[in-house]
Amino acid sequence: MKRILFTVMLFCSIAVNTASGQQHYKGVAGVSLSANGLIANGLSYGAEAMYSRYLTRSITLQGGFYWDLSHFKLNDDSYPIHNIGVRADLFYTLLSVRSFYLNGGAGVGVGLEETSQSRSIMEQRKITIDGFQNKFSLSLEPKINAEYFFTSRWALLMEVKGMYRPLSNTTKFIPAFGVGVKTLF
């Protein structure tokens, strides 16, 4: 009986360690895809593809590409602003419970704020704004990210962040949320 109990405990220990073997360990890398919702004069959207690298069990560095569409209002009309660029994030694990991780961090993004579509619509409506043009975009982003690993390699992601864009033509601060999936390798 003792051997059977020992064998069952050993098997359970190996199964638990195998299930969480890939999660948040130094040297593990991952790729994530996320859809984002932005709250800028109504609900807008975006997407991102990121590469993650776990530097330690608690510190994660990630970088990748982002795109988002936000709107600004002028005279009760809404005009689209596209942002595209690259971003780097650094996360620290605040809470770890089995296969759930809560991370806090910040990111810096650089790219292009593209206003051609808005300018075209404004020209048709005979509206002009001085200095309203495509420009370099800088984005500073404090964020909280949650990962739930439903297997040893696959996780569901949820993120809440604020995007501060000091050089923007329009909205300087945009709250956002994201939902996605991550795989580790």
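For clarity, every value in this text was computed on a predicted model and none was experimentally measured.

*Asks:* Teacher, can you tell me more about the pattern of salt bridges here?
*Replies:* Close approach of charged atoms lets side chains of opposite charge pair. The tally for this structure, following the rule as stated, stands at eleven salt bridges. The partner of Asp89 in a salt bridge is Arg87, and the shortest N-O contact between them spans 2.9 Å. Side by side, Asp89 and Arg87 carry an identical accessibility label, which is buried. Lys161 serves as the salt-bridge partner of Glu141, at 3.6 Å between the closest nitrogen and oxygen. Separated by 20 residues along the polypeptide, Glu141 in strand β6 (residues 135–149) and Lys161 in strand β7 (residues 154–164) bring together distant segments of the chain. Each member of the pair Glu141 and Lys161 is classed as buried. Because the salt bridges share partners, they merge into one network encompassing Glu48, Arg87, Asp89, Glu141, Lys143, Glu159 and Lys161.

*Asks:* Explain unusual backbone geometry to me, please; I cannot follow it from the model alone.
*Replies:* Excluding glycine, residues mostly carry a negative phi; peptide bonds, for their part, are mostly trans. One non-glycine residue, Arg98, lies in positive phi territory at about 50 degrees. Residue position: Arg98 is located in the loop between β4 (77–97) and β5 (100–114). Exposure remark for Arg98: the relative accessible area of 69% places this residue in the exposed category. Despite not being glycine, Lys126 has its phi angle at roughly 60 degrees, a positive value. Counting through the fold element by element, Lys126 comes out in the loop between α2 (116–124) and β6. The class for Lys126 is exposed, based on a relative accessible area of 74%.

Here is what the cut-offs are and how they apply
Residues numbered from 1 in each chain as written. Predicted model: local features only at pLDDT ≥ 70, side-chain atom pairs only at ≥ 80, totals over all residues. Heavy atoms only, no water. Salt bridge = Lys/Arg side-chain N within 4 Å of Asp/Glu carboxyl O. Buried < 20%, exposed > 50% of the residue type's maximum accessible area, 1.4 Å probe, protein only. Helix = DSSP H or I, 4+ residues; strand = E, 2+ residues; numbered from the N terminus.

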